[in-house]
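# Working through the structure, step by step
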Amino acid sequence: MIENDPLISRLEARIEALESRLAYQEHWLDTLDRAAVRREQRLSQLERINALMQQRLRDQHQALESLAPDLGAPDERPPHY
């Protein structure tokens, strides 16, 4: 075979292009994977904060109920309904 064979040159160029595309895709897959992990961590953190806030609201509601049980529930319908 001759080294300057146009077929070999075209194949080498195609292989280089494919390798370049593969490297680019691997880079973006890694980038997307890191972003997905960060989003999942943030979502978990926000879910924990939400659960804590809900518990605090329940605790505050119970504390208010124990201080003023005669006020009744705020969601009760007035007698004229």
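The preceding data block contains the structure.
Residues numbered from 1 in each chain as written. Predicted model: local features only at pLDDT ≥ 70, side-chain atom pairs only at ≥ 80, totals over all residues. Heavy atoms only, no water.

## Details of the overall build of the chain
Looking only at helices and strands, the chain has 1 helix and 0 strands in total. Counting only carbon and sulfur atoms, one obtains 57% of the accessible surface of the chain, whose full area is about 8,200 Å². (Helix = DSSP H or I, 4+ residues; strand = E, 2+ residues; numbered from the N terminus. Areas by Shrake-Rupley, 256 points an atom, 1.4 Å probe, with all protein chains shown as cover.)

## Structural notes on the packing of aromatic side chains
Summed over all chains, the structure comprises 1 aromatic pair. Measuring from ring centre to ring centre gives 6.3 Å for Tyr24 and Trp28, while their planes differ by 70 degrees; the resulting arrangement is edge-to-face. Remark: Trp28 and Tyr24 occur in helix α1 (residues 6-67); sequence separation between them is 4 residues, near one turn of the helix. The class for Tyr24 is exposed, based on a relative accessible area of 54%. (Phe/Tyr/Trp six-rings, centres within 6.5 Å; stacked < 30°, edge-to-face > 60°. Buried < 20%, exposed > 50% of the residue type's maximum accessible area, 1.4 Å probe, protein only.)

## Some points on α1
Between its terminal C-alpha atoms α1 stretches 91 Å, which fits the 92 Å expected from 62 residues at 1.5 Å a residue. Measuring from the backbone nitrogen of Leu7 back to the side-chain oxygen at the start of α1 gives 3.2 Å, which picks out Asp5 as the cap. (Expected span 1.5 Å × (residues − 1). Polar contact = N/O pair within 3.5 Å; in protein donor to acceptor, adjacent residues only side chain to side chain.)

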